[in-house]
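The chain contents come next:
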Amino acid sequence: MFEAVGSCFSKYVVFSGRAKRPEYWWFYLFNVLVSVVLNILSLAAPLLGILGLLYSLGTFLPTLAVTWRRMHDIGRPGYHGLLVLPVAVLAGVGFAINEVVGGILALLAVVAAIVVLVWLASPSQPGANEYGGEDVVKHF
């Protein structure tokens, strides 16, 4: 786990190359665990809530970068990992216009999230692809 987390932090803003499933999911699990601890601390002392905000800001780019590289590992462009964002924004706008429109767009956002989750859980594309050879992918 710590090797994967270290790799993600050392590639803080590296959007090229590939990231295997374990690298992505160990980093994701680490972020969830740290976030849970920081949220519990903020319940105990509300002033500590700033730590959660700072942690989220500090891990935004590494999370984006490892998601981008994970998409490369399965042979997809990195921006496919961001598929949910425009649909979710449109859903928010849709609710401001009309509940039905917002509901339909929210449903599309859920479908997009499921598609991205399936991609993130997919096995690596064997051998080299347009984003790099398998030798550039560190096995954890």
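Refer to the structure presented above.
Residues numbered from 1 in each chain as written. Predicted model: local features only at pLDDT ≥ 70, side-chain atom pairs only at ≥ 80, totals over all residues. Heavy atoms only, no water.

Student: Requested: an account of the nonpolar core, with residues and values cited.
Tutor: Membership of the largest hydrophobic core comes to 14 residues, with the highest contact counts inside it found for F27, V66, M71, W119 and L120. The set of elements that each furnish at least two residues to this core consists of helix 1 (2-10), helix 2 (21-44), helix 3 (49-73) and helix 5 (99-121). In terms of residue count, helix 2 provides more of this core than any other element does, four residues in total. Here W119 is in contact with R70, M71, I74, R76, H80 and L83, once residues within four sequence places are set aside. (Core = buried A, V, L, I, M, F, W, Y, C linked by side-chain atoms within 4.5 Å. Buried < 20%, exposed > 50% of the residue type's maximum accessible area, 1.4 Å probe, protein only. Helix = DSSP H or I, 4+ residues; strand = E, 2+ residues; numbered from the N terminus. Contact = heavy atoms within 4.5 Å.)

Student: Explain the packing of aromatic side chains residue by residue, including any values.
Tutor: We describe a pair of aromatic rings using the distance from one ring centre to the other and the angle between the two ring planes. Tallying each qualifying case throughout the model produces five aromatic pairs. Consider the rings of F15 and W68, whose centres lie 5.6 Å apart with planes at 85°: the pair is edge-to-face. In this pair, F15 sits in the loop between helix 1 and helix 2 while W68 sits in helix 3, placing the two residues 53 residues apart along the sequence. Classification of F15 by relative accessible area gives partly exposed; the value is 27%. Grouped by ring-pair contacts, the aromatic residues Y24, W25 and Y28 constitute a single cluster. (Phe/Tyr/Trp six-rings, centres within 6.5 Å; stacked < 30°, edge-to-face > 60°.)

Student: An account of the packing of helix 3 against helix 5 is requested, with residue identities and associated values reported.
Tutor: Running from amino to carboxyl end, helix 3 crosses helix 5 at an angle of 70°, the nearest separation of the two axes being 9 Å. One way to sum up the angle between helix 3 and helix 5 is to call them roughly perpendicular. Contacts from T67, R70 and M71 of helix 3 reach helix 5 at V116, W119, L120 and A121. Of the residues assigned to the contact of helix 3 with helix 5, the class counts are five nonpolar, one polar and one charged. (Axes fitted to C-alpha atoms, helices over the stretch in contact; angles between N-to-C directions. Parallel < 35°, antiparallel > 145°, perpendicular 65-115°, else oblique. Nonpolar A, V, L, I, M, F, W, Y, C, P; charged D, E, K, R; others polar.)

Student: How would you summarise the packing of helix 2 against helix 3 if you had to cite specific residues and measurements?
Tutor: Packing of helix 2 against helix 3 brings their axes to within 10 Å, and their N-to-C directions diverge by 170°. Taken together, helix 2 and helix 3 sit at an angle that is classed as roughly antiparallel. In terms of crossing hand, the pair formed by helix 2 and helix 3 is left-handed. Contacts between helix 2 and helix 3 pair R21, E23, Y24, F27, F30, N31, V34, S35, L38 and S42 from the former with G49, L51, G52, Y55, T59, P62, T63, V66, T67, R69, R70 and D73 from the latter. Split into classes, the residues belonging to the contact of helix 2 with helix 3 amount to nine nonpolar, eight polar and five charged. (Left-handed = near helix turned anticlockwise from the far one by under 90°.)

Student: Hey, could you go over the environment of M71 for me, with residue numbers and the actual values?
Tutor: Structurally, the position occupied by M71 is in helix 3. On a C-alpha basis, the gap between M71 and L61 in space is 15 Å, while along the polypeptide they are ten residues apart. The contact partners of M71, leaving out residues within four places of it in the chain, are R76, P77, G78, H80, G81, V116, W119 and L120.

Student: Let's hear about helix 5: which residues, and what values?
Tutor: For helix 5, with 23 residues, the first-to-last C-alpha span of 33 Å sits near the 33 Å given by 1.5 Å per residue. Along helix 5, the positions that sit buried rather than exposed are G102, L105, A109, A112, V116, W119 and L120. Looking at the packing, one finds that the buried side of helix 5 touches helix 2, helix 3 and helix 4 (84-97). (Expected span 1.5 Å × (residues − 1).)

Student: Explain the side chain of K20 to me, and be specific about the residues and the numbers.
Tutor: Along the chain, K20 falls in the loop between helix 1 and helix 2. Reaching out from K20, the side chain makes a polar contact with the side chain of S124 at a distance of 3.4 Å. (Polar contact = N/O pair within 3.5 Å; in protein donor to acceptor, adjacent residues only side chain to side chain.)

All quantities given are derived from atomic positions and should not be read as evidence of function.
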